[in-house]
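A structural walkthrough
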Amino acid sequence: MSRLIISAPDGKTGILELNRPVITIGRGEGNDLVLNDSSVSRFHAVIKHSDDLVVIADRGSTNGVTVHGRRVTQETELKNGDVACVGRYELRFEQIDDRSLMIRKVEIPSTVQQIIHGGSERGLPDKGRSSDRALAELVERVKKLEHENYLLTVLYDAGQALNAKLSVKDISEQTVSLAFRIEGVERGFVMLFDEPGEVSQQSEVRYRDPHKSGNQPIILSQKVLNLICSEMQPILIDDVNADERFSASESLRISGLRSAMCAPLLGTNRLFGIIYVDNLERASAFTQEELNVFALLASQASASIDNVLAHEKIARQAQQRAALERFLSPEVAEMVAANPEVQLGGVNRKVTVMFADIRGFTSMSENMEPQKVVEILNEYFTRVTDVIFDYGGTLDKYMGDALMVVFGAPIIKGGDATNCVQAAVRIQQLLVELNRDAAERQWPELRVGIGINTGIATAGNIGSPRRVDYTVVGDTVNTASRLMSNAAGGQILISQSTAEETGGVFNLAVLPPLAVKGRSEPVRVFNVNWM
């Protein structure tokens, strides 16, 4: 099992399980690992793994990728313990051998089982015992009562604290904090699963003593996760260093880690995830009593997550209904907020319009599963939209596998034509980087044809009272669309008006004029040499 231990610039630590053939890394929301810092490029790097080989590669980032201080210029193998730097983040690579672990099942008392699985019955103390029992038995009973009182106190506090949380992230963080009230816990985190059962996110790794947050690995393997998912029971994990049967295994010398506990977060209909804690120094650090408290804490966290997800589902449905009735880009939404009484109408202004279309995607999609088609388009549009917003454009609309973008409306920012062509060049560069990993991701290689035109267009709110879109219409838009239709995959075609607006910034090649419907004279066309 392979994972990254992520150290952020603010000192926080996280984990990412490498559960896909290709893991994309960058600042953009379309990445598998999003590192939100200006030192990280939108699409910065990838990590690829097959069989036992794991490699990291730069994907045209500004600040590059280093492994042990050396800049990566090609796919570079990662070995256990290697540290890669992406911007101001440190990514430490770990590989865990399942054979280094011995999993010990434990007996869960019936009262604890009832609480974990939603039961409410509790055993009553036996009042028929003789009052003149030996003092030793009385002392033992007092100890048991103290343990029960402690368990109930933790359970009560957990219920009070977790029920007040309004997000799964807050519940995860609070659960880890509460787990530190259990004697012996030195480190912990929560791992969450999506509905299909794949790891979706993980909380920050918390340490009782922050000064000990070094390079100790986490003894959580796929073997442990499979056991949790199949049996839905808390388990104790012991390091097998003390077991003579495994004394010859070099992989057991894992930085002094000795014991751990792991419990499922069981929802009404599915497994939400697991909570994991461990001790870095003592073997057999956790007793049955500690496991009981831990199991009850996990049960309380599960109930709180259940409640939060139910509320989020209701809110999401309401938001989706509102989005279906009216869709506006962020900039237009801000304008509407300032003037809620949107009037149908418009204004003529100079704009630069871009159309971009994935060449041959319709025929490619005929041989793909629908889920794969949606996956490809969602990531493509997410990354391209980031580029458009970076250069100050307004996303007008998606049209199948194509999109329309406007620069200069509703807000004029200056240099709109130049910004539009720069965005087009960046989109083509982005496609080159994405296509490098197409085979590993079982994607087709994507080629995009882009057409750009500058001129006067009518911009305004067009539609009906039930659905209003801010858009631009007119001959300028039609010409940009025609240029896009004639652009081959990987090509950027611009009109003479756009070329004049950019003022010689780009390397252009003159192409034969293009006849456009509705125009008496052909349009002069230029190819942007962007490679």
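As the structure is a prediction and not an experimental result, all values here were calculated from the model. (Residues numbered from 1 in each chain as written. Predicted model: local features only at pLDDT ≥ 70, side-chain atom pairs only at ≥ 80, totals over all residues. Heavy atoms only, no water.)

A closer look at the overall build of the protein
Of the regular secondary structure elements, the protein holds eleven helices and 26 strands. For the protein, buried positions account for 47% of its 531 residues. Put simply, the protein shows about 27,000 Å² of open surface, and 49% of that area lies on carbon and sulfur atoms. (Helix = DSSP H or I, 4+ residues; strand = E, 2+ residues; numbered from the N terminus. Buried < 20%, exposed > 50% of the residue type's maximum accessible area, 1.4 Å probe, protein only. Areas by Shrake-Rupley, 256 points an atom, 1.4 Å probe, with all protein chains shown as cover.)

A word on unusual backbone geometry
The step from alanine 409 to proline 410 runs through a cis peptide bond, and the omega angle for that step is 0 degrees. Along the chain, proline 410 falls in the loop between strand E21 (402-407) and helix H9 (416-436). One non-glycine residue, histidine 68, adopts positive backbone phi at about 55 degrees. Along the chain, the position of histidine 68 falls in the loop between strand E7 (65-67) and strand E8 (70-71). Given the relative accessible area of 53%, histidine 68 is considered exposed. With phi around 60 degrees, glutamine 442 is a residue other than glycine that occupies positive phi space. Note on placement: glutamine 442 falls in the loop between H9 and strand E22 (448-464).

As for H9
Look at H9: 31 Å from first C-alpha to last across 21 residues, which is about the 30 Å you get at 1.5 Å a residue. Where burial is concerned, most of H9 is hidden: 17 out of the 21 residues are buried. (Expected span 1.5 Å × (residues − 1).)

Let's talk about the confidence of the model for the protein
Per-residue pLDDT for the protein has a mean of 82; in total, 76% of the residues score no lower than 70. Ranking the elements of the protein by mean pLDDT puts helix H6 (residues 330-338) last with 53 and strand E24 (residues 492-495) first with 97. When the criterion is pLDDT under 50, residues 120-131 qualifies, and its contacts beyond four places in sequence or with other chains add up to eight contacts. Ignoring residues within four places in sequence, the model shows residues 323-329, a span with pLDDT below 50, making 15 contacts including any to other chains. (pLDDT = per-residue confidence, 0-100. Contact = heavy atoms within 4.5 Å.)

Looking at the pairing of strand E10 (residues 83-86)
Residues of E10 alternate between two faces, with Ala84 and Val86 buried on one and Val83 and Cys85 left unburied on the opposite face. Connecting E10 to the next strand, strand E11 (residues 89-95), in antiparallel fashion are two residues, including glycine 87 with a positive phi near 60 degrees. (Pairing = 2+ DSSP bridges.)

Topic: the packing of aromatic side chains
One pass over the structure, following the stated rule, counts three aromatic pairs. Centre to centre, the rings of phenylalanine 189 and tyrosine 276 are 5.2 Å apart; their planes meet at 35 degrees, and the pair counts as tilted. Here phenylalanine 189 is found in strand E13 (residues 187-193), whereas its partner tyrosine 276 is found in strand E18 (residues 271-279), with 87 residues between them in sequence. For phenylalanine 189, a relative accessible area of 2% gives the class buried. By relative accessible area, tyrosine 276 is classed as buried at 1%. Judged by centre distance (5.3 Å) and plane angle (55 degrees), the rings of tyrosine 380 and phenylalanine 381 are tilted. Classification of tyrosine 380 by relative accessible area gives buried; the value is 1%. The ring of phenylalanine 43 carries arginine 383 above its face, with NZ or CZ at 4.3 Å from the centroid. (Phe/Tyr/Trp six-rings, centres within 6.5 Å; stacked < 30°, edge-to-face > 60°. Lys NZ or Arg CZ within 6 Å of the ring centre and 35° of its normal.)

Thoughts on the pattern of salt bridges
One pass over the structure, following the stated rule, counts 20 salt bridges. In this structure, arginine 20 engages aspartate 32 in a salt bridge whose closest nitrogen and oxygen atoms are separated by 2.6 Å. With arginine 20 in the loop between strand E2 (13-17) and strand E3 (22-26) and aspartate 32 in the loop between E3 and strand E4 (33-34), this pair connects stretches of sequence that are twelve residues apart. You can call arginine 20 partly exposed: its relative accessible area is 45%. Its relative accessible area of 26% is what places aspartate 32 among the partly exposed residues. (Salt bridge = Lys/Arg side-chain N within 4 Å of Asp/Glu carboxyl O.)

Focus: the sheet that holds strand E9 (residues 76-77)
Taken together, five strands build an open sheet; the order of strands is E4-E3-E5-E6-E9 and the sheet is mixed. The outermost strands of the open sheet, each flanked by one partner alone, are E4 and E9. Sheet topology places E3 next to E4; two bridges connect them, and they run parallel. Within E4, the residue paired with glycine 26 across the bridge is valine 34.

Examining the side chain of arginine 383
Of note, arginine 383 is situated in helix H8 (residues 370-390). Note on arginine 383: relative accessible area 4%, which makes it buried. Separated by 3.3 Å, the side chains of arginine 383 and threonine 24 make a polar contact. At 2.7 Å, the side chain of arginine 383 and the side chain of asparagine 31 are in polar contact. Those residues in contact with arginine 383, other than ones at most four positions away along the chain, are Thr24, Gly30, Asn31, Arg42, Phe43, Leu430 and Leu434. (Polar contact = N/O pair within 3.5 Å; in protein donor to acceptor, adjacent residues only side chain to side chain.)

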